[in-house]
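Residues per chain are reported as follows:
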Amino acid sequence: DVADWAGTDPGRVIFASGGTEANNLAIIGRYSRVKQQDPDRGRIILGATEHPSVREPVRWLERHARADVDVIGVDASGRVDPDELREMLAGGADVALVAIMAANNETGVLSPIRSIGEVCAEVGVALHVDAVQAAAWYSVAELRVPAGESIPVSYAVTGHKLGAPVGIGALVGITAADLKSIIHGGGQEGGVRPGTSPTALAAALAAAVVRPRPEAAALRDRVAVQRNRLVEGVLDAVPEAVCHTPPHPGAGLPGHAMFTFPGASVEVLLFQLDQAGVAASAGSACSAGVVRPSPVLTAMGVSAESARAAVRFSLGWDTGSDDIDRALDVVPSAVTVARNGTRNGLS
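In this report, we go over the structure that sits alongside the text. Note that the structure is predicted; figures quoted are calculated from it, not measured. In every chain, residue numbers begin from 1 and rise along the written sequence. This being a predicted model, a pLDDT of at least 70 is required before a residue's local features are given, and a value of 80 or more before pairs of side-chain atoms are given or counted; all residues contribute to the totals for chains, interfaces and linings. Note that the side-chain values use all heavy atoms of the structure and ignore hydrogens as well as water.

### Some words on the sheet that holds strand S10 (residues 310–314)
With respect to topology, three strands assemble into an open sheet ordered S8-S9-S10, the strand pairing being antiparallel. Of all the strands in the sheet, just strand S8 (242–243) and S10 have a single pairing partner and so form its edges. Note: strand S9 (residues 256–260) against S10, five bridges, orientation antiparallel. The residue of S10 that forms the bridge with Phe-259 is Val-311. When checking whether two residues touch, look at their non-hydrogen atoms; a contact exists if any pair is within 4.5 Å. Structural elements are reduced to axes, namely lines fitted to C-alpha atoms, with helices fitted over the stretch in contact, and the angle between N-to-C directions of any two is expressed from 0 to 180 degrees. Segments assigned H or I by DSSP are reported as helices when at least four residues long, segments assigned E as strands when at least two residues long, and all are numbered from the N terminus. Running at roughly 15° to S9, helix H8 (residues 216–237) makes contact with S8, S9 and S10 of the sheet. A pair of strands is treated as paired once DSSP finds two or more bridges between them.

What follows is the structure, encoded as structure tokens:
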């Protein structure tokens, strides 16, 4: 079932505990296999706005396996330019792996992943795609890179973005033979993910991807309408705010709306929203509790001061007009209090 959803075959589905483990297996496992086959391939090209579960294993390889890491920048919208990637590959003889996410976890911007895959295929370089955020709205089959027939292309997904429990995910599109295990034990999952298989969790992931749901494009359109209402309402009520999520279809995920509120204390703002029953996060939810500029926004050219005042709202399939109305009732006054908090030294 998961293979059908991913547009691949069951031999190219490796279950893992979630997106973090899938990303680590794809990056460390693939790099180790390539280096074993060709010691001259020691370079990794990494997107500037990657999730920590991609960025940190790459940095681990840099420290412990002497990988050469090149970071490819993004434009003001947060997208990688495939032509710039082509220049960085420069023949690709020394490149082990390219890692570019399908959709950003903070801003929701979609990468031109198919064009990126075509560039990688030109020089025969493997591509890993962190598809954790994108797979909540697009099946992996919709995201698949046509060039994946000629080069290894892997996709990391996690269950809790799809309605399955926390604790299950998968690395799809790649075979165990293309990887070296990063943990050691028995022979499960082709020997690259040893340990007793979490059958109940795997069944839950399968149920999540095959369960009846609204037609995908219609669902995306419906949620995007609510997201755009939120964006327009916030920008009308707080003219100094800036939205960093692309508004037009095909450029960004329909459920993301990331704003910066200049001059506001993000801690005070989140507290005010929480007290009013509106859930939001400071930039990336995975960095909650750590007040620092969003590395995604700074990579996009946003100043560190503004990037510290970043708040992300996330909409789901069941977000309705009442939810948006409630948020729009609360956000303007919460921003005012948060700005006073900054002036009073509470940031």
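### Observations regarding empty space enclosed by the protein
Cavities and pockets are found on a 1 Å grid laid over the protein atoms alone: a cavity is a set of points where a 1.4 Å probe fits but cannot escape, a pocket is an open set with protein on both sides within 12 Å along at least five of seven lines, and a lining residue has an atom within 4 Å of such a point. Grid points are joined across faces, edges and corners, and a volume is the space filled by probe spheres set on the points. A full pass over the atoms with the stated rule returns one cavity of 30 Å³ or more. By volume, the largest cavity amounts to about 80 Å³. Lining the largest cavity we find 16 residues, and of these Thr-49, Val-74, Gly-78, Met-101 and Ser-111 sit closest to its centre. Following the grouping adopted for this structure description, the nonpolar residues are Ala, Val, Leu, Ile, Met, Phe, Trp, Tyr, Cys and Pro, the charged ones are Asp, Glu, Lys and Arg, and the polar ones are all others, Gly among them. Looking at the lining of the largest cavity, its residues break down into eight nonpolar, six polar and two charged.

### A few points about the sheet that holds strand S2 (residues 43–47)
Strand order across the open sheet formed by seven strands is S1-S7-S6-S5-S4-S2-S3, with mixed pairing between neighbours. Whereas interior strands pair on both sides, the edge strands pair on one side only; in this sheet they are strand S1 (13–16) and strand S3 (68–72). In this sheet, neighbouring strand axes are inclined to one another by 20° on average, regardless of whether the strands run parallel or antiparallel. Summarising the sheet, S1 and strand S7 (residues 169–172) pair through four bridges and their orientation is antiparallel.

### Thoughts on the pairing of S9
The cut-offs for exposure are 20% and 50% of the maximum accessible area for each residue type, with area from a 1.4 Å probe on protein chains only; residues under the lower value are buried, those over the upper are exposed, and the others partly exposed. Most of S9 sits inside the fold, with five of its five residues counted as buried. Of the pairings in the sheet, the one linking S8 to S9 comprises two bridges and is antiparallel in character. Considered in S9, the bridge of Cys-243 is made with Phe-259.

### Regarding helix H5 (residues 113–123)
Restricting attention to buried positions, one finds in H5 the residues Ile-113, Ile-116, Gly-117, Val-119 and Cys-120. One side of H5 holds all its buried residues, which, seen down the axis, span an arc of 160°. Of the surrounding secondary structure, the elements contacted by the buried residues of H5 are helix H4 (82–89), strand S4 (95–99), strand S5 (127–130) and helix H6 (140–143). Positive phi appears at Gly-124, one or two residues downstream of H5, with a value of about 70°. Arc definition: it is the arc formed by the directions from the helix axis to the C-beta atoms.

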